[in-house]
Amino acid sequence: MTSLAHRVTDFWFRQSVKFLPFADAATPELPLSRLLRLSLFQVSVGMALVLLIGTLNRVMIVEYGVPASIVAVMISLPLFFAPFRAVIGFRSDTHKSVLGWKRVPFIWQGTLVQFGGLAIMPFAVLVLAKQGEADAVPAWIGQLGAAASFLLVGAGLHTVQTVGLALATDLAPKESQPKVVGLMYVMLLVGMIGSTLIFGMLLVHPAYEVLPPGQLVGVIQGSAVATLILNTIALWKQEARKPKRLMTEEELAVETAPRPLFKESWAAYVQGGRAIRRLIVIGLGTMAFSMEDVLLEPYGGQILHLAVSDTTKLTATWAIGGLFGFGLASRILSRGFDPFRMAMYGAFVGIPAFVLVILAAPFASIAAFALGTALIGFGMGLFGHGTLTATMNLAPKNQTGLALGAWGAVSATASGTGIALGGIIRDIVAVYGDHSSLGAATGYIAVYSLELVMLFATVIAMIPLLRTAIAAPAPAAQEIAPEPVGPEHAAGSAAE
């Protein structure tokens, strides 16, 4: 019986590694149970993202009649803190805590800030939309309250995600770090999928009736409590404490040494490996995949006449596509495939995806809309994993937080800018395009067409990076080299 159990366990382990691309990220130092528990912070971040870019923008625009430009600006406000992700990662790299922690204080502070923003958000949104008993409240109070709540959520989730990924990288052995970071982003998508399904069930209400304020308050404040619980479980006994009194003389000397300046660390990071061009490519591609974020659900509701619960599930469709994209990219990159080429394939997938979304309006095709949404997520998964793996490979030594922060800062800033521009362009074009043959869909299609152009620009900007990769040594050669020749060759294979 024991022998049979061992055989079954061994079979299941081999199959899980085969079908779950990141299951082999676990190591004796970081078992899968601990790794999955740590990844719960990504679930809370995914829940907040779904709430902001999925559920709230649909409810505010379609149900409560708030102009799309105001909603787009509000939803992009959390990304105001995105440029500071590099600074946050750098500070967590060099933080000197009396309690002996480096990452935990930042994650806990970010959790509390995110909780506070979600706690006040539903009331601010109701005042902004003049719902309930807020008719007599001045408009500026609703705008100021909503802006404050969105800013708090943004500051919290950016801090939690940046430092949480750095902590995961610290805990994992060097050879499994890219896989661990990949698993973290898969859990982000899992959190998004689960949240969309739950929100869709909780927000069901009779068709053509305004969503009751009580339902909105319950969902958002429930998300605040869930955030606090998930992040507390994720942090529990993850980072080992090492107070100064327990340090060796060598460790104490490192601890008391002057902290490097951010300017110096940033200069070291951008040297070699075409770092600036990499960041430009990340920004262009992310913006191209993000301008529709605030528009997909309103597009489904206004143009294709889908209910709130149905359009909320579109975010799950997008996330499932992204999950498949991350999984496929992980399997291919683990064989030594060029991550920049993988990112370029993601941009190519996005082109027919947006064509399908555009054609959904004139043909009134829900199937084309759903398929296009899934392909957008799939293309974004390929692009995101490719650029993330390249960033990890080229990160300077002892600057994991800074590298991940820079990647996240550019991605989130580009995403926020794209979201804001998408809503503004949609409103402007809609004013002048009401009399066109496409009617109300004109503003949406203008944004989707601009995203197609930006995807082509991303591919063009990426070509020199592909040439650099071709000229560089193969991953296997880098692994057996006796000594590293520079920070641009520091991380080994793409997914080893």
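Counting restarts for each chain, with residues numbered from 1 along the sequence as it is written. Residues qualify for local features only when their pLDDT is at least 70, as the model is predicted, and side-chain atom pairs are given and counted only at 80 or more; totals for whole chains, interfaces and linings, by contrast, use all residues. Side-chain descriptors were evaluated using all non-hydrogen atoms of the structure, hydrogens and water having been removed beforehand.

1. Description of the overall build of the chain
Per the convention used, a helix needs a DSSP run of H or I reaching at least four residues, while a strand needs a run of E reaching at least two, with both numbered from the N terminus. The helix and strand inventory of the chain stands at 19 helices and zero strands. Buried means the residue's accessible area, taken with a 1.4 Å probe over protein chains only, is under 20% of the maximum for its type, while exposed means over 50%, and partly exposed covers the values in between. Per-residue burial over the chain gives 54% buried out of 496 residues. Here a residue-residue contact requires only that any non-hydrogen atoms of the pair lie within 4.5 Å. Relative to all contacts within the chain whose residues are 6 or more apart in sequence, the contacts with residues 24 or more apart total 83%. Using a 1.4 Å probe, the Shrake-Rupley method yields the accessible areas, and only the shown protein chains count as cover for residues. Roughly 21,400 Å² of accessible area belongs to the chain as shown, and the carbon and sulfur atoms make up 69% of that amount.

2. Looking at the nonpolar core
Buried residues of nine kinds, namely Ala, Val, Leu, Ile, Met, Phe, Trp, Tyr and Cys, make up a nonpolar core once their side-chain atoms join them within 4.5 Å. Membership of the largest hydrophobic core comes to 126 residues, with the highest contact counts inside it found for Leu56, Met121, Phe150, Tyr299, Phe369 and Tyr448. Looking at this core, the element that brings in the most residues is helix α3 (residues 40-63), giving 14 residues. The contacts of Phe369, once residues within four sequence positions are left out, are Leu296, Tyr299, Gly300, Leu304, Leu306, Leu314, Val357 and Ala360.

3. Some points on helix α5 (residues 85-94)
With eight of its ten residues buried, α5 lies for the most part within the structure. The set of residues buried in α5 consists of Arg85, Ala86, Ile88, Gly89, Phe90, Ser92, Asp93 and Thr94.

4. Some details on the packing of aromatic side chains
One pair of aromatic rings is described through two measures. These are the centre distance and the angle between the planes. Aromatic contacts are taken between Phe, Tyr and Trp rings whose centres are within 6.5 Å, Trp giving its six-membered ring; a plane angle under 30 degrees counts as stacked, one over 60 as edge-to-face, and the others as tilted. Inspection of the entire model under this criterion finds six aromatic pairs. Here the aromatic rings of Phe337 and Tyr345 are separated by 6.0 Å at their centres, their planes lie at 35°, and the arrangement is tilted. Taking relative accessible area as the criterion, Phe337 reaches 26% and is therefore assigned partly exposed. You can call Tyr345 partly exposed: its relative accessible area is 35%.

5. Things to note about the pattern of salt bridges
One speaks of a salt bridge when a side-chain nitrogen belonging to Lys or Arg is within 4 Å of a carboxyl oxygen belonging to Asp or Glu. According to the stated counting rule, one finds one salt bridge in the structure shown. Between Arg426 and Asp427 there is a salt bridge; the shortest N-O distance is 2.7 Å. An identical accessibility class is assigned to Arg426 and Asp427; each is buried.

6. Re the side chain of Thr387
Considering the arrangement of structural elements, one finds Thr387 in helix α16 (residues 366-393). Contacts described as polar in this section are N or O atom pairs within 3.5 Å, which, within protein, must combine one atom able to donate a hydrogen with one able to accept it, while residues neighboring in sequence count only if both atoms come from side chains. A polar side-chain atom of Thr387 sits 3.1 Å from the main-chain carbonyl oxygen of Gly384. In this structure Thr387 touches Ile282, Ala343 and Trp407, once residues within four positions along its chain are discounted.

7. Things to note about a nonpolar patch on the surface
There is a patch of nonpolar side chains on the surface, built from Val73, Ile424, Ile428, Val431 and Tyr432 and spanning about 510 Å² of accessible area. Structurally, Ile424 is set in helix α17 (residues 400-432). Under the relative-accessibility criterion, Ile424 is labelled partly exposed at 33%. Patch membership needs two things, relative accessible area over 30% and no salt bridge, and members are linked within 9 Å if like-charged or within 5 Å if nonpolar (Val, Leu, Ile, Met, Phe, Trp, Tyr).

8. With respect to the packing of helix α12 (residues 275-290) against helix α15 (residues 339-363)
Between α12 and α15, the shortest axis-to-axis distance is 11 Å and the interhelical angle comes to 25°. Put simply, α12 runs roughly parallel to α15. By crossing handedness, the relation of α12 to α15 is classed as left-handed. Along the contact surface, α12 presents Arg278, Ala288 and Phe289, while α15 presents Phe340, Gly346, Ala347, Gly350 and Phe354. Classification used: nonpolar for Ala, Val, Leu, Ile, Met, Phe, Trp, Tyr, Cys and Pro, charged for Asp, Glu, Lys and Arg, polar for all others including Gly. Broken down by class, the residue content of the contact of α12 with α15 amounts to five nonpolar, two polar and one charged. The axes used here are C-alpha line fits, helices contributing only the stretch in contact, and every angle between their N-to-C directions lies in the interval 0 to 180 degrees. An angle below 35 degrees is treated as roughly parallel, one above 145 as roughly antiparallel, one from 65 to 115 as roughly perpendicular, and anything else as oblique. Crossing chirality is assigned from the near helix's rotation relative to the far helix, an anticlockwise turn below a right angle marking it left-handed and a clockwise turn marking it right-handed.

9. Things to note about the environment of Ile75
Within the secondary structure layout, Ile75 lies in helix α4 (residues 68-76). Sequence separation of Ile75 and Gly54 is 21 residues, and the distance between their C-alpha atoms is 10.0 Å.

10. Things to note about the side chain of Glu292
With respect to the secondary-structure elements, Glu292 resides in the loop between α12 and α13 (296-302). Charge convention: Lys and Arg are scored as positive, Asp and Glu as negative, and His as well as the terminal groups of each chain are ignored. Although Glu292 lies buried, it forms no salt bridge, and the closest oppositely charged side chain, Arg426, sits 14 Å away as judged by the N-O distance. Apart from residues no more than four positions distant in its own chain, Glu292 is found in contact with Phe354, Ile376, Tyr448 and Glu451.

11. Observations concerning the environment of His385
By the element assignment, His385 lies in helix α16. Along the backbone, His385 and Ala343 are 42 residues apart, and their C-alpha atoms lie at a distance of 7.3 Å.

12. Details of the confidence of the model for the chain
Of the residues in the chain, 76% reach a pLDDT of 70 or more, and the chain-wide mean stands at 76. The predictor attaches a confidence to each residue, called pLDDT, with possible values from 0 through 100. The least confident element of the chain, judged by mean pLDDT, is helix α19 (residues 475-480) at 36; the most confident is α15 at 90. Note that residues 471-496 has pLDDT below 50 and, in this model, 42 contacts with residues that lie over four places away or in other chains.

13. Structural notes on the environment of Ala430
When you line up the elements, Ala430 lands in helix α17. In this structure the C-alpha to C-alpha distance between Ala430 and Ala441, which are eleven residues apart in sequence, comes to 7.9 Å.

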